[in-house]
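# Observations on chain architecture
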Amino acid sequence: MAAAAAAASSLRIATTRPSISAASSKVVKAGTVSVNASWDKKLNSTHHLSNFGCLSAVPTCKKNLSFSTKALSDESSESNVVSCGLPIDLRGKRAFIAGIADDNGYGWAIAKSLAAAGAEILVGTWVPALNIFETSLRRGKFDQSRVLPDGSLMEIKKVYPLDAVFDNPEDVPEDVKANKRYAGSSNWTVQEAAECVRKDFGSIDILVHSLANGPEVSKPLLETSRKGYLAAISASSYSFVSLLSHFLPIMNPGGASISLTYIASERIIPGYGGGMSSAKAALESDTRVLAFEAGRKQNIRVNTISAGPLGSRAAKAIGFIDTMIEYSYNNAPIQKTLTAGFIFLQYSISYEVGNAAAFLVSPLASAITGATIYVDNGLNSMGVALDSPVFKDLNK
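The model shown is predicted, which means the values in this text are computed figures rather than measured ones.

A separate point is the overall build of the chain. Scanning the chain from N- to C-terminus turns up 10 helices and 11 strands. Classification of the 396 residues of the chain by burial places 51% in the buried group. Put simply, of all contacts in the chain between residues at least 6 apart along the chain, 79% involve residues at least 24 apart. Surface accessibility of the chain: about 18800 Å² in total, with carbon and sulfur atoms responsible for 53%.

Written as structure tokens, this is what we have:
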């Protein structure tokens, strides 16, 4: 499975948008490339993104290619076939991503990679954060973060209110119904959200679970209350079961679902408490069971990505995320920082988790299901901490 994660960052996205040169932030004019119709008659254009370090194939072409902007004909010459990459083409696919409330988390990163591959993006946002999120989108606050590798802006087709802790209206307690943060919103339980998506769009192909919450995450497990423990399980793992259960009837056969987990599911991470490590372990176990059940029932694949630490707004609530990022950098086999997005003007595209997700939901991963894919620079494979004083002379 580790090989699959590596492959995710070494593939190419097929889109229909103009591209941006790696050497310049200007949009370059498109040319044409002939591609053998037997490869894909429906492929209208392939963007060469290797210079961005984003979804380029291995081996990488040694020279830049021009980009196709014309429909390909059956008469295309085999001598002009572009043979240096496999396309991640999600055009015609629709994704529902649950758990996006800002532009600096892994959910946003996944949305951008799926959009870059051509997928239509629907978002489910936690109700108390909905107004701020939609206002920020409308006022252009996220415009820089919305920039895709080709220079266009990611479009979010529709934002739905969602609180994945509640399956249906009957589950919502009176104090939540009366809470002013939920005022003005409706149809935000999992069941209602799935029904709204069905009425608006008919079906989806991709379901992404990118949400978690542990109200007592800062407490050691021995000090965690039953209520806090069960709340972590409910919001962080059972919510995935509920989402897939309610969205499965409107998922097209051959679709895929992914979630996000963390190495604390199988390793001791002091400070990651409140039952959150248990919730992530449950999520990974559920991934395997759901892969069987959803696969047999509707040919839907189910995987989870074990992502490295990211300094997102949500992760800041843990209190020691910066320490974990530093630890990961110092001890992982690959020393680089995972980021959720990219700084376009500096050509810094470290979209590893988003790219892994794009691969996993694409036809290229059609035989991968029930897997936990590590996207953490290899930290999961380490048995010792290299920054320990014990190893100070290791590389001398």
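Next comes the rest of the account.
With that settled, consider the sheet that holds strand β6 (residues 204–209). What the 7 strands build is an open sheet, ordered β5-β4-β3-β6-β7-β8-β11; its pairing is parallel. Two strands lie at the open edges of the sheet, namely β5 (156–162) and β11 (372–375), each paired on one side alone. Taken over all neighbouring pairs, the strand axes of this sheet differ in orientation by 20 degrees on average, direction set aside. Against the sheet, helix α6 (residues 190–201) makes contact with β3 (94–98), β4 (120–126), β5 and β6, and its axis sits at roughly 155 degrees relative to β5, the strand it touches most. Helix α8 (residues 276–298) rests against β7 (251–261), β8 (301–307) and β11 of the sheet, and its axis sits at about 175 degrees to β7.

Take the side chain of arginine 146 next. Inspection of the secondary structure puts arginine 146 in helix α4 (residues 143–146). Taking relative accessible area as the criterion, arginine 146 reaches 17% and is therefore assigned buried. Among the polar contacts listed, one links the side chain of arginine 146 to the side chain of aspartate 143, at a separation of 2.8 Å. When neighbours within four sequence positions are excluded, arginine 146 is seen to be in contact with Trp108, Lys112, Leu137, Ser152, Leu153, Met154 and Glu155.

Attention shifts here to a nonpolar patch on the surface. On the surface, Leu221, Tyr229 and Leu230 cluster together into a nonpolar patch covering about 280 Å² of accessible area. Tracing the backbone through its elements, the reader meets tyrosine 229 in helix α7 (residues 226–247). Using a relative accessible area of 31% as the deciding quantity, one classes tyrosine 229 as partly exposed.

Quick look at the environment of alanine 264 now. Position of alanine 264 among the secondary structure elements: in the loop between β7 and α8. On the basis of relative accessibility, which here comes to 5%, the residue alanine 264 falls in the buried class. With 13 residues separating them along the chain, alanine 264 and serine 277 place their C-alpha atoms 5.1 Å apart. Not counting residues up to four positions away in its chain, the partners in contact with alanine 264 are Ile269, Tyr272 and Ser277.

What follows is about the nonpolar core. One finds Trp108, Leu114, Ile121, Phe133, Ile156 and Ile305 to be the most contacted residues of the largest nonpolar core, which totals 46 residues. Here the element with the most residues in this core is helix α2 (residues 106–116); it accounts for 8 residues. Ala164, Ala194, Ile204 and Phe240 belong to the second-largest nonpolar core, a separate cluster that totals 27 residues.

The next subject is the pairing of β3. Looking down a regular strand, the side chains alternate between one sheet face and the other. In terms of burial, β3 is a largely internal element, 5 of the 5 residues being buried. Burial of β3 is two-sided: the residues Arg94, Phe96 and Ala98 facing one way and the residues Ala95 and Ile97 facing the other way are all buried. As defined by bridge partners, β3 adjoins β4 across 5 bridges and the pair is classed as parallel. Directly across from alanine 95, in β4, lies its bridge partner isoleucine 121. For the crossover that starts at β3, traverses α2 and ends in the parallel β4, the hand is right-handed. Note: β3 against β6, 4 bridges, orientation parallel. The partner of alanine 98 across the bridge, within β6, is histidine 209.

Criteria and cut-off values
- The numbers attached to residues start from 1 for each chain and follow its sequence in the written order.
- Confidence filtering applies because this is a predicted model: local features only for residues at pLDDT of at least 70, side-chain atom pairs given and counted only at 80 or more, and all residues used for totals across whole chains, interfaces and linings.
- Side-chain metrics rest on all non-hydrogen atoms present in the structure, leaving aside hydrogens and water.
- Only DSSP runs of H or I reaching four residues or more are called helices, and only runs of E reaching two or more are called strands; each is numbered from the N terminus.
- For each residue, the accessible area found with a 1.4 Å probe, counting protein chains only, is set against the maximum for its type, and the residue is called buried under 20%, exposed over 50%, and partly exposed in between.
- Contact definition: two residues touch when any of their heavy atoms are within 4.5 Å.
- Here the open area of atoms and residues is found with the Shrake-Rupley method and a 1.4 Å probe, where only the protein chains shown may cover a residue.
- Paired strands, in this sense, are two strands between which DSSP finds at least two bridges.
- As a rule, the C-alpha atoms of each element are fitted with a line to give its axis, helices using only the stretch in contact, and angles between N-to-C directions run from 0 to 180 degrees.
- Polar contact is the term for a pair of N or O atoms within 3.5 Å; when the atoms are in protein, one must be able to donate a hydrogen and the other to accept it, and sequence-neighboring residues count only if both atoms are side-chain atoms.
- The patch calculation keeps residues exceeding 30% relative accessible area without a salt bridge and links them within 9 Å when they carry like charges or within 5 Å when they are nonpolar (Val, Leu, Ile, Met, Phe, Trp, Tyr).
- What makes a salt bridge here is a side-chain nitrogen of Lys or Arg within 4 Å of a carboxyl oxygen of Asp or Glu, nothing more.
- Residue types Ala, Val, Leu, Ile, Met, Phe, Trp, Tyr and Cys, when buried and joined through side-chain atoms within 4.5 Å, form a set referred to as a nonpolar core.
- The crossover handedness rule: strands pointing away from the viewer, path from first strand over the helix to second strand clockwise, crossover right-handed.

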